[in-house]
Amino acid sequence: MKTVVYSKKYLWCFAALVASLLMLLSQDARADTDGPRVALVVGNADYSHIGALDNPENDARLIGGVLEGAGFEVTYLFNATQRELEEAVVELGRTLRARGPETTGLFYFAGHGVQSQGKNYLMPVDAALSDEAELDLVGVQADVVLRQMGTANNRTNIVILDACRNNPFAEIQGMDANGLAKMNPSPGTFLSYATGPGDVALDGLGQNSPFTAALAAEMQEPGQAIETVFREVRIRVVEETRGIQTPWDTSLLTTDFVFSQEDTTPDAETLLWAQVRDTDNVRDIVRFLRSHPNGRHSADARLRLDETIQVASAEASRALRLQGTTPGQQDRALFQQALQSGARADFEAYLAMFPNGVYAELVRLELDALQ
């Protein structure tokens, strides 16, 4: 009798072990089929011939940082000309085709976008337009993005357009339509607009547009399906803008997709570094180092600070040469001495001699930090 009891226990344990192994194998299989994640993130703000925008670069950095945390390989493109934008879109299509059918592709664009004759155009920073007929020659059709991604025949493509700001060509005949027109994506594509077709989205009064700020937050919710992400984004934006802006999306997805399988919320240092890593503003870099002096990105920040200081010094030297004077070598030497010593007295000595020097603002920041 005991032999039978032990046999049943053995069989039960064996069955449990097999079930556990099968579960692990199925999880591994799901992880394998999740496939690579590739994204092209574009932020166009510094337009040469039409109204510049405040937030697209910030928006692109924010979304890119969140996507990196969600496992995407992100390519950034800031203030792209027509040729640069077209080449980047073509390269995205090539990458998706090379990575295989299980790849997830994502395209994000923040900047000016317009519609004409039922077609949508993403505007490069060098776009100049005097007639509607020239739009094909200066803009990049959004349909081109959909085609490039669709030709990969991959499982999932996501296109996000925060590109419905004010119409910069409203005075041109035939260009008085606001926002973007509806598009027809191919199967396996999720398409999102910052606002409904024909409407105008807000650039935002803070660092980010209302749409992108809400999107970045919702994408980090672990286990949340993409359809739920954008529904929650819509709710957030409608509430924040008091009904002025209503994000719109359409889905032809044939599989489930989740941005964050688990809690991948970037920490404060990562989010702050995403905002300042490409800046030329010494003050922003110093603030980052003050907040995270020994962080993961502090070494990169110090390199960036050195590069920025060298550029500023070179520009100051050129300006002085143009005025027919000798560059302030003593200015730089005194500043370097203060940096090396880190002593408050040395920083104060610099300001006493060069109150309006090349490094005066940075020295004042250092003194604030010492205080």
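Predicted model, so just to flag it, every value in this text is computed and none were measured.

Helix and strand counts for the protein chain come out as 13 helices and nine strands. Counting over 371 residues, the protein chain shows a buried share of 45%. Restricting the contact set of the protein chain to residue pairs at least 6 apart, pairs at least 24 apart contribute 68%. Counting every atom, the protein chain has about 19000 Å² of accessible surface; 51% of that belongs to carbon and sulfur.

A sheet is described by the order of its strands in space; here six strands give the open sequence S2-S1-S3-S7-S8-S9, paired in mixed fashion. Only two strands of the sheet have a single partner each, and these edge strands are strand S2 (73-78) and strand S9 (248-251). Neighbour to neighbour, the strand axes of the sheet diverge by 10° on average, direction disregarded. In the sheet, strand S1 (residues 37-43) pairs with S2 via six bridges, with the strands oriented parallel. Bridge pairing in S2 places Val38 opposite Glu73.

In space, the three strands of this open sheet follow the order S4-S5-S6, with antiparallel pairing throughout. Whereas interior strands pair on both sides, the edge strands pair on one side only; in this sheet they are strand S4 (113-116) and strand S6 (140-141). As judged from the two bridges shared by strand S5 (residues 119-122) and S6, these two strands associate in the antiparallel manner. Within S6, the residue paired with Leu122 across the bridge is Val140.

Once that is clear, we can look at the pattern of salt bridges. According to the stated counting rule, one finds ten salt bridges in the structure shown. Two residues, Glu232 and Arg231, come together in a salt bridge whose shortest N-O distance is 3.3 Å. The partly exposed category is assigned to Glu232, whose relative accessible area is 23%. Given the relative accessible area of 41%, Arg231 is considered partly exposed. Salt bridges linked by common partners bring Glu57, Arg61 and Asp278 together as one network.

What follows is about the pairing of S4. Alternating residues of S4 divide into Gly113 and Gln115 and Val114 and Ser116, and every residue in both groups is buried. In terms of strand pairing, S4 meets S5 through four bridges, oriented antiparallel. In the sheet register, Ser116 faces S5, and the bridge partner there is Lys119. Two successive antiparallel strands, S4 and S5, enclose a turn made up of two residues, where Gln117 displays a positive phi of approximately 55°.

Before going further, it helps to examine helix H2 (residues 56-69). The end-to-end C-alpha distance of H2 is 20 Å, a good match for the 20 Å that 14 residues give at a rise of 1.5 Å each. The element H2 is extensively covered by neighbouring structure, given that twelve of its 14 residues are classed as buried. What H2 keeps buried is the set Pro56, Glu57, Asn58, Asp59, Ala60, Arg61, Leu62, Ile63, Gly64, Gly65, Val66 and Leu67. The inward-facing, buried residues of H2 abut S1, S2, strand S3 (104-110), strand S7 (156-162), helix H6 (210-219) and helix H8 (268-276).

Below, the discussion takes up unusual backbone geometry. Here Asn79, not a glycine, exhibits a phi torsion of approximately 50°, which is positive. Summarising the element assignment, Asn79 is placed in the loop between S2 and helix H3 (82-99). Even without being a glycine, Arg242 presents a positive backbone phi close to 55°. Within the fold, Arg242 resides in the loop between helix H7 (226-240) and S9.

Attention now goes to the packing of H2 against H6. Following both chains from N to C, one finds H2 and H6 inclined at 10°, their axes separated by 10 Å at the closest point. As far as their axial angle goes, H6 and H2 are roughly parallel. The segment H2 lies against H6, with Asp59, Leu62, Ile63, Val66 and Leu67 engaging Thr212, Ala213, Leu215, Ala216 and Met219. The residue makeup of the contact of H2 with H6, split by class, is eight nonpolar, one polar and one charged.

Looking at where Arg61 falls in the secondary structure, it is placed in helix H2. By relative accessible area, which is 7% here, Arg61 ends up buried. Polar side-chain contacts of Arg61 include one of 3.4 Å to the side chain of Asp278. Those residues in contact with Arg61 that sit more than four places away from it in its chain are Tyr76, Phe78, Ala274, Gln275 and Asp278.

For the rest of this paragraph, the subject is H7. In this model, H7 (15 residues) spans 21 Å end to end at C-alpha, consistent with the 21 Å of a helix rising 1.5 Å per residue. Taken together, the buried positions of H7 are occupied by Ile226, Val229, Phe230, Val233 and Val237. What you see down the axis of H7 is that its buried residues fit within an arc of 85°, all on one side. Those residues of H7 hidden inside the fold are in contact with S7, strand S8 (189-193), H6 and S9. One or two steps after H7, the chain reaches Arg242, where phi turns positive at roughly 55°.

Moving on: the packing of aromatic side chains. Both the distance between ring centres and the angle between the ring planes are used here to describe each pair of aromatic rings. Tallying each qualifying case throughout the model produces eight aromatic pairs. Judged by centre distance (4.8 Å) and plane angle (35°), the ring pair of Phe190 and Phe230 falls under tilted. Linking Phe190 in strand S8 with Phe230 in helix H7, this pair joins segments that are 40 residues apart in sequence. For the residue pair Phe190 and Phe230, the accessibility class agrees, reading buried in each case. Both rings, one in Tyr193 and one in Trp248, keep their centres 4.9 Å apart while their planes meet at 45°; by these two values the pair is tilted. With a gap of 55 residues between them, Tyr193 in strand S8 and Trp248 in strand S9 connect regions that are remote in the sequence. Note on Trp248: relative accessible area 24%, which makes it partly exposed. What links up through ring pairs into an aromatic cluster is the set Phe335, Tyr350, Phe354 and Tyr359. For the cation-ring pair, Arg61 lies above Phe78, with the distance from its terminal atom to the ring centre recorded as 4.5 Å.

Definitions and cut-offs
- Residues numbered from 1 in each chain as written.
- Predicted model: local features only at pLDDT ≥ 70, side-chain atom pairs only at ≥ 80, totals over all residues.
- Heavy atoms only, no water.
- Helix = DSSP H or I, 4+ residues; strand = E, 2+ residues; numbered from the N terminus.
- Buried < 20%, exposed > 50% of the residue type's maximum accessible area, 1.4 Å probe, protein only.
- Contact = heavy atoms within 4.5 Å.
- Areas by Shrake-Rupley, 256 points an atom, 1.4 Å probe, with all protein chains shown as cover.
- Pairing = 2+ DSSP bridges.
- Axes fitted to C-alpha atoms, helices over the stretch in contact; angles between N-to-C directions.
- Salt bridge = Lys/Arg side-chain N within 4 Å of Asp/Glu carboxyl O.
- Expected span 1.5 Å × (residues − 1).
- Parallel < 35°, antiparallel > 145°, perpendicular 65-115°, else oblique.
- Nonpolar A, V, L, I, M, F, W, Y, C, P; charged D, E, K, R; others polar.
- Polar contact = N/O pair within 3.5 Å; in protein donor to acceptor, adjacent residues only side chain to side chain.
- Arc of directions from axis to C-beta.
- Phe/Tyr/Trp six-rings, centres within 6.5 Å; stacked < 30°, edge-to-face > 60°.
- Lys NZ or Arg CZ within 6 Å of the ring centre and 35° of its normal.

Worth remembering: the numbers are spatial, not functional.
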